[in-house]
Amino acid sequence: MIPFSILDLSPVAEGSSVSDALDQSRRLAQKAEACGYQRLWLAEHHGMPGIASAATAVVIGHVAAATRHIRVGSGGVMLPNHAPLVIAEQFGTLEALFPGRIDLGLGRAPGTDMRTARALRRNLDAGADSFPHDVVELQRLLGSPREDQAILAVPGMDAQVPIWLLGSSLYSAHLAAALGLPYAFASHFAPDMLIDALAIYRERFQPSAQLDKPYAMVGVMGVCAPTDAEAEHLFTSAQQQFINLRRNVRTRFPRPVESMDGVWNEMERMSVEHTLRYAAVGAPATVEAKLRSFLKETQADELIISMPVHDIDKRLRSVELFASLPLMRQADARAA
């Protein structure tokens, strides 16, 4: 029985605005807090009309200010896009505003296309290659300063914001293990290396000042509704979004459709179904069975769920239905 958390991308739905999306993230966080979720993370993506969480630290502040105790953080900040000092100052400020509630999840990808990545004004090759060094530098900037330390993050120093490494391949599993950091795998959209990455992380983990034993979080897409048919209908929004990404069609988060027939071709269907094969979509009993099987396979310490539902009221209902699962109620009782 493990904690449940939520990954939010502040989806800008067809027929709505960025302001609507950010307000819906606030409402989602409040609902997640009321339902007993462990944390809510926001993801850095750029140049995508359907995602409003590009300025991730800003949105974290917006969400944290609307809640009281749920942990709020990044899933993740794409560190190659930023100087470590800037991130230390941002998250040091967040920690000062919301003490003991902020997480800093770090990714190595740019979170966008290459042209947009170049417009973010960092050296792309150096950014990716220097990722381990940048993570260590960020740890130092958020920790207690040494007597001879020339560069100080203010705010930031002594903040001790928990750092997580995010991954969708084996690279960050090795790095998280070597640095003794908690590890989150993006199995909600990159399932292929999940089991191997978890094995590497656990086998090679070195205890650190932050963490004495491995702690692994795994991700799933999730839509829960009163019936399997309704959940599958709502999930067509996510399926369309993945098709649009593959076609390089930039659009807002699509409304659900009655059928994906005619929307995707056979190769696209196979690709998307493979990518989303861990998705937990259905009525509560269906979702419970899917999650129990997934957690038995992964032996994860925590589950983070992305709920790609176009209509905010049905998204909030999905949050409630996930929280009503025996699996989550047992985890919530254990935490209490």
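To start, this report covers the structure provided alongside it. Treat the numbers as computed from the prediction; the structure is a model and nothing was measured.

Focus: the overall build of the chain
And step 1. A tally of helices and strands in the chain yields 13 helices and nine strands.
And step 2. The C-alpha atoms of the chain give 19 Å as radius of gyration, which agrees with the globular expectation for 336 residues (20 Å, within 12%).
And step 3. Once the C-alpha set of the chain is aligned to its principal axes, its extents read approximately 65 × 45 × 40 Å.
And step 4. The burial tally for the chain puts 52% of its 336 residues in the buried class.
And step 5. Pairs at least 24 apart in sequence give 73% of the contacts found in the chain among residues at least 6 apart.
And step 6. When the accessible surface of the chain is totalled, it reaches about 14,600 Å², and 54% of it is carbon and sulfur.

Remarks on helix H3 (residues 84–97)
Every α-helix carries 3.6 residues per turn, so stepping three or four residues along brings you back to the same face.
And step 1. For H3, which comprises 14 residues, the first-to-last C-alpha distance of 20 Å matches the rise-based estimate of 20 Å (1.5 Å per residue) to within 8%.
And step 2. Of all the positions in H3, only Pro 84, Ile 87, Ala 88, Phe 91, Gly 92, Leu 94 and Glu 95 are classed as buried. Viewed along the axis of H3, the buried residues span an arc of 160°, placing them on a single side of the element. Exposed residues on H3 whose side chains face more than 90 degrees from its buried face are Ala 96 and Leu 97.
And step 3. Those residues of H3 that are buried lie in contact with helix H2 (56–65), strand S3 (71–78), strand S4 (102–107) and helix H6 (131–142).

Side note on unusual backbone geometry
Working note: non-glycine residues mostly have negative phi, and peptide bonds are mostly trans.
And step 1. Of note, the bond from Gly 75 into Gly 76 is cis; its omega dihedral lies within 30 degrees of zero at 5°.
And step 2. Checked against the element boundaries, Gly 76 lands in strand S3.
And step 3. Cis geometry is found at the peptide bond from Val 154 to Pro 155, where omega equals -5°.
And step 4. When you line up the elements, Pro 155 lands in the loop between H6 and strand S5 (163–167).
And step 5. Despite not being glycine, Ser 10 has its phi angle at roughly 45°, a positive value.
And step 6. As for its position among the elements, Ser 10 is in the loop between strand S1 (4–8) and helix H1 (18–35).
And step 7. In this structure, Gln 299 takes a positive phi of about 55° despite not being glycine.
And step 8. Mapped onto the elements of the fold, Gln 299 is located in the loop between helix H11 (284–298) and strand S9 (302–306).
And step 9. What makes Gln 299 exposed here is its relative accessible area of 54%.

Considerations on the pattern of salt bridges
And step 1. With the rule as written, the count across this model stands at 14 salt bridges.
And step 2. Arg 255 is paired through a salt bridge with Glu 14; the nearest N and O atoms lie 3.5 Å apart. You can see Arg 255 sitting in the loop between helix H9 (228–247) and helix H10 (266–275) and its partner Glu 14 sitting in the loop between S1 and H1, a full 241 residues away along the chain.
And step 3. Residue Glu 14 is classed as partly exposed on the basis of its relative accessible area, which comes to 26%.
And step 4. The shortest N-O distance in the salt bridge between Asp 148 and Arg 146 comes to 3.5 Å.
And step 5. Note on Asp 148: relative accessible area 63%, which makes it exposed.
And step 6. Shared partners join several salt bridges into a network, and the residues in it are Arg 39, Arg 71, Asp 103 and Glu 302.

Some remarks on the environment of Ile 51
And step 1. In this structure, Ile 51 sits in the loop between strand S2 (39–42) and H2.
And step 2. For Ile 51, a relative accessible area of 13% puts it in the buried group.
And step 3. For the pair Ile 51 and Ser 306, spaced 255 residues apart in sequence, the C-alpha separation works out to 13 Å.
And step 4. Aside from chain neighbours lying at most four places away, what touches Ile 51 is Leu 9, Ser 10, Val 12 and His 45.

Quick notes on the rules
Residues numbered from 1 in each chain as written. Predicted model: local features only at pLDDT ≥ 70, side-chain atom pairs only at ≥ 80, totals over all residues. Heavy atoms only, no water. Helix = DSSP H or I, 4+ residues; strand = E, 2+ residues; numbered from the N terminus. Rg over C-alpha atoms; globule rule 2.2 N^0.38 Å. Buried < 20%, exposed > 50% of the residue type's maximum accessible area, 1.4 Å probe, protein only. Contact = heavy atoms within 4.5 Å. Areas by Shrake-Rupley, 256 points an atom, 1.4 Å probe, with all protein chains shown as cover. Expected span 1.5 Å × (residues − 1). Arc of directions from axis to C-beta. Salt bridge = Lys/Arg side-chain N within 4 Å of Asp/Glu carboxyl O.

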